[in-house]
Every structure is written in C-alpha cells, then in structure tokens.
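In case you want the letters, here they are:
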Amino acid sequence: MQEALRFLQTDAQPVDRGAFIEQAQLLRRSSEAAARGLPLTIRGLRKSFGDNEVLRGIDLHIPAGQFVAIVGRSGCGKSTLLRLIAGLETIDAGTVSFGEHARPEDVRVMFQEPRLLPWARVLSNVEVGLGRDRASPDAQVRAEKALGEVGLDDKRDQWPAVLSGGQKQRVALARALVSHPRVLAFDEPLGALDALTRISMQRLLERVWRDQAFTAILVTHDVSEAVALADRVLVIEDGRIAHDVSVDIPRPRRRGSADLAALEGSILRNLLQSADDTSDL
Amino acid sequence: MRLIESLPRVRSLRLPRADGLIQWIVPLAIILVWQLACVTGFVPARVLPAPSDVALAGWKLLLSGELARNIWVSFWRASVGFVIGGGIGFAFGLVNGLSQLSNKLTDTTLQMVRNIPHLALIPLVILWFGIDESAKLFLVALGVFFPIYLNTLHGIRTVDPQLIEMGRIYGMTDGELFRRVIFPGALPSIFVGVRFALGIMWLTLIVAETIAASSGLGYMAMQAREFMLIDVVVLSILIYALLGKLADSASRVLERLTLSWHPAFQKQ
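Note that the structure is a prediction, hence the values are computed from the model and not measured. (Residues numbered from 1 in each chain as written. Chains lettered and ligands numbered in written order. Predicted model: local features only at pLDDT ≥ 70, side-chain atom pairs only at ≥ 80, totals over all residues.)

Draft legend 1. Broad picture of the sheet that holds strand E2 (residues 52–62) of chain A. Residues and elements named next belong to chain A. An order of E2-E1-E4 is seen for the three strands of this open sheet, with the pairing classed as antiparallel. Each having just a single partner strand, E2 and strand E4 (93–97) make up the two edges of the open sheet. Ignoring strand direction, the axes of neighbouring strands in this sheet form an average angle of 20°. Note: strand E1 (residues 40–49) against E4, four bridges, orientation antiparallel. Directly across from Arg 43, in E4, lies its bridge partner Thr 95. (Pairing = 2+ DSSP bridges. Helix = DSSP H or I, 4+ residues; strand = E, 2+ residues; numbered from the N terminus. Axes fitted to C-alpha atoms, helices over the stretch in contact; angles between N-to-C directions.)

Spelled out as structure tokens, the structure:
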C-alpha cells in the first residue's frame with residue numbers, strides 16, 4: 001500500500017486529486033460489496049449417524065444478508081444442519097450451495113465454547129481467523145481492527161485464561177469476523193453465558209451483523225433470543241422444518257415488548273404441543 | 001475475610017517458587033541436627049560421619065581434581081543418555097500420537113519392552129558392551145525413553161479435539177496445526193515426562209556406575225567403600241541429591257518459560 005502511494009506521489013504528479021479520490025471510493029465500495037452476505041440454498045438434505053436419521057429432507061432458501069434463527073428441542077438435528085452448512089460433516093444426500101463459489105474464509109462458525117488457543121495471546125487468537133492470510137503483513141492490523149469491533153482492544157496481549165466467559169466469546173467472535181465472512185453460522189454461541197452477558201452479546205451480534213451485512217444462521221434453544229435477533233425463525237422437528245415464521249418486527253427491537261412476547265409464545269406453544277404428541281419422550 | 005486471605009497462600013504452597021528460600025529450611029535443619037548428633041557422639045562416626053567431615057573429604061577430593069573429574073563424567077553420561085533416550089522417546093511419542101498406523105505397529109512392542117525393568121538388563125548390557133561408556137549410555141537412554149514416550153503420546157492424544165476442529169475450520173495446514181495447536185497442547189504432559197525421566201536418569205546412572213564403571217560418582221562411592229572411606233560414600237550420595245535437584249530446577253525453569261500461558265504458572 002505504501003509502495004503504491006509513493007509511486008503516485010513521485011511519478012504520477014499530473015493525476016488530479018478528484019479522480020484519485022473517486023478511484024479510492026470505487027475501491028472501497030467494491031470491498032464493501034465483497035463483505036455482503038451470500039445466499040444459501042439447501043435441497044433435499046439428509047444426514048444419518050448409523051441407524052439414526054437426523055435430517056430427513058431439508059429444503060430451504062436463505063436470501064443474502066438474512067438473519068435466520070433455527071430452534072428446536074435438543075436432538076432435533078438443528079446443530080447437525082448447521083454443521084452441514086458449515087461443511088463440518090459430510091452430506092449423505094442433497095445439496096448445500098451458496099449462490100456463487102464460496103471461499104473457505106467466506107463461511108465461518110462460532111461455537112458454544114470459545115475454542116481459543118490457551119497458549120496464544122488474544123491478538124494471535126484473532127489472527128488465526130484470517131485463514132490463509134495469516135502470514136500477510138497486515139494480519140496484525142486486521143486482527144486489531146476486529147478486536148476493536150468487539151470492544152476488546154485493551155485485552156490484546158492477555159492470555160485467554162484471564163478473560164471472563166463473555167470476553168472469551170467476544171474474542172471468538174472477533175476471530176470469526178476478521179476474515180470478513182459472508183456467511184456466519186452460530187452454534188448456540190451464548191448458551192454458556194449468564195443472563196446479562198447474554199443480552200449484551202445479543203446486542204453485539206446484532207450490531208456486527210448490521211455493520212457487516214453477512215448472512216447469519218443462529219442455532220439456539222432460546223426462543224426469546226431467536227425472535228429478538230432474527231428476521232426469520234425456523235422450527236425443526238424430527239429432522240424436518242416444521243414451521244417457518246418470519247419476524248416482521250422493526251429494529252431496534254425492545255426486549256420484552258408485547259409483539260416479541262406474543263411471537264415467542266406462539267412458537268413455544270408449537271414446540272410444546274409437538275412434545276406432548278410424541279409419547280417417546 | 002480470613003478465608004479469603006488464606007487462599008493465595010494455599011496457592012503458593014502448591015507451587016514452590018525459585019525465589020523463595022523457604023525450601024532450603026528443612027535440608028539445612030537436617031544437616032544441623034545431623035552435625036549435632038555426630039559431635040555429641042550420639043551417632044558413631046563409623047556409622048555416619050559428621051557433615052563437617054563430609055565437607056572436608058569433599059574439599060580434599062576437590063583439590064586433587066578427582067571430584068570434578070568424576071562429577072563431569074557422571075554429568076556427561078547422564079545428559080548424553082538423556083538426550084539420546086529422550087529424543088527417541090519424543091520422536092516415537094510424536095509419530096505414534098499422530099499416526100494410527102505407526103501406533104498399531106509399534107505400541108504393543110514398546111509396552112512389552114516397558115514392562116521389563118531396564119536395570120534387569122545390566123548383566124546382558126555388560127556382556128554386550130563391557131563396562132564401556134556405551135553400556136551406561138544405553139541404560140540411561142533406555143530408562144528415560146519410556147516416561148518421555150508415554151507422556152508425549154498421552155499429551156498428543158489428549159489435545160482438545162474441539163481445538164483441532166477449530167484449527168481445521170480456519171484452514172490450518174497439517175504443519176501449522178501441529179505447531180500452533182497439537183504441540184503446545186501436548187507440552188504440559190511432555191514436561192511431566194521429562195521430570196519423571198530426570199529421576200530415572202540419575203537412578204539408572206547410580207546403579208550402572210556402582211556395578212560397572214571405572215570412573216564417575218558411583219565408581220567413586222564404590223571405591224571409597226572398599227577402603228572404608230565412609231565420608232566419601234556419604235559425599236557421593238549428597239552430590240547425587242544436589243545434581244538431581246539441579247536437573248529438576250532446570251526443567252522447572254524451562255516449564256515456566258514455555259507454559260507461561262497456563263493458569264498454574266501465571267503470576268498472582
């Protein structure tokens with residue numbers, strides 16, 4: 001970058017300032033476009049572990065940039081669906097496709113556990129998220145920026161062991177964000193946090209999603225979290241999508257508002273009803 | 001309040017620190033009591049010479065150059081044997097920890113060999129190597145091989161699979177995965193192996209040198225026994241204790257340097 005600037009200054013004197021700024025803006029816009037989300041299409045997706053058929057034919061289209069929450073009782077296959085989307089398991093039948101060719105850095109996952117390397121300082125943990133760009137000279141700058149986005153600039157030289165649970169999860173978020181993914185999959189990322197930390201983490205997730213406009217897929221067992229964050233809630237039962245509920249409540253959403261509560265109630269009723277129906281519980 | 005105050009003290013008791021002189025109080029007290037018992041005639045000099053006599057014997061041997069030569073020979077045998085046996089054990093631990101095939105191929109054999117007390121091989125080793133240097137090196141190497149092999153293998157096997165999955169997701173190559181995830185994860189366990197091995201290293205060397213050697217601390221002790229020089233015998237035993245302590249301290253320093261991320265090694 002510095003090389004290029006010096007080049008412009010010495011050899012290209014006549015370049016007028018206006019054209020230069022315009023070019024820079026164009027460059028910036030194209031990099032913003034690259035950060036936008038990818039659409040996701042799933043057709044006839046099936047997955048079994050031994051005799052246990054976990055997913056029994058999932059058909060789903062997620063438009064680019066949508067925030068989708070997947071809820072369901074434990075063992076319904078929601079985490080398996082997420083792991084298939086993220087490419088962590090092999091697909092038995094069906095397809096998962098992202099509109100265009102997705103690079104490995106375009107799809108990132110955040111787990112319930114932070115999965116930080118205990119022997120690496122916070123900043124190097126974030127650098128891990130750069131994937132193949134880890135060795136590039138601007139790696140550290142990018143990692144610092146991502147750490148700033150989650151509000152942990154001052155912890156860059158700490159060991160993960162001294163951080164609180166919420167802070168560790170924010171470092172994990174920074175690591176997932178640092179490569180500017182176009183699809184971000186969350187596997188119950190807030191499941192192990194206390195109630196207050198959960199709420200501030202939910203706000204953080206919503207903010208980075210709005211800033212970076214990636215496609216977000218959040219697996220959670222907390223229906224109130226799902227309706228608070230998502231544009232759309234999918235209810236999975238017995239390996240199929242049982243309900244597809246769109247959440248048309250404008251943002252910013254007020255926690256505990258009547259609209260959210262009503263929606264949460266109806267989704268919960270669906271879940272509980274089906275639980276009563278099945279005798280094998 | 002009182003409970004809270006006591007907590008950090010409990011921690012520091014569990015983790016002895018190099019800067020504390022507390023650890024030397026008990027050894028010094030023992031020497032003091034020992035000296036007192038000898039001077040008063042409670043313990044006859046034929047059974048146990050006074051520490052001052054032992055120190056005097058040490059001084060004489062030091063002046064003659066015999067002590068330094070024997071310590072050097074023993075130290076050399078210990079470290080070379082340790083490097084050879086530890087190196088091979090580490091290599092086998094790595095390979096068997098990373099490759100199922102290699103593990104299936106060699107682990108059973110190694111476990112069988114492990115169950116033979118390596119000191120039982122002394123007669124065979126003397127027949128093979130005589131009382132040459134290679135005999136001692138072979139025994140020390142064999143002795144330190146197993147603790148390092150087992151703990152390296154265990155360390156690699158128990159690296160958190162979630163971290164390995166994370167590394168794969170973030171596009172680490174096999175080399176990077178080893179360097180950034182597997183090896184640092186196995187390191188605490190490897191250090192446990194090293195410290196076990198250091199103990200076995202001295203034990204093996206003492207036995208080997210007392211039975212089959214023409215130099216070294218063990219040989220010096222055996223020679224002294226022949227001439228009823230009990231102060232030299234006690235001196236060699238004390239030097240073994242000091243050398244053992246030195247090796248242990250060195251491994252602790254190394255541990256603290258490389259495991260500074262570990263909660264157990266962080267400053268309070």
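Draft legend 2. Just the interface of chain B and chain A, in detail. The interface of chain B with chain A comprises 12 residues on the first partner and 14 residues on the second. When residues of the side of chain B that touches chain A are traced back to their parent elements, those giving at least two are helix H8 (161–169) and helix H9 (174–211) of chain B. Element by element, the count of residues in the side of chain B that touches chain A is highest for H8(B), at four residues. Each residue belonging to the side of chain B that touches chain A can be placed in one class, and the counts come to eight nonpolar, three polar and one charged. (Contact = placed C-beta atoms within 7 Å. Nonpolar A, V, L, I, M, F, W, Y, C, P; charged D, E, K, R; others polar.)

Draft legend 3. Main features of the confidence of the model for chain B. Residues and elements named next belong to chain B. On average, residues of chain B score 87 in pLDDT, and 92% of them are at 70 or above. Per-element mean pLDDT across chain B ranges from 47 in helix H1 (residues 2–14) up to 94 in helix H7 (residues 133–157). Confidence drops under a pLDDT of 50 for residues 1–13, and excluding neighbours within four residues, the segment shows three contacts in the predicted structure. Two summary scores accompany this predicted model of the complex, namely pTM at 0.77 and ipTM at 0.78. (pLDDT = per-residue confidence, 0-100.)

Draft legend 4. Geometry of the sheet that holds strand E3 (residues 67–71) of chain A. Residue and element names in this part refer to chain A. Ordered in space as E5-E6-E7-E3-E8-E9, the six strands form an open sheet in which the pairing is mixed. Because the sheet does not close on itself, it has two edges, and the strands there are strand E5 (107–110) and strand E9 (240–246). Each neighbouring strand pair of the sheet contributes to a mean axis angle of 20°, computed without reference to strand direction. As paired elements, strand E6 (residues 183–187) and strand E7 (residues 215–219) share five bridges and run parallel to each other. Looking at E7, one finds that Val 183 is bridged to Thr 215. Here helix H3 (residues 78–85) sits on the sheet and contacts E3, E6, E7 and strand E8 (232–237); the angle it forms with E7, its principal contact strand, is near 150°.

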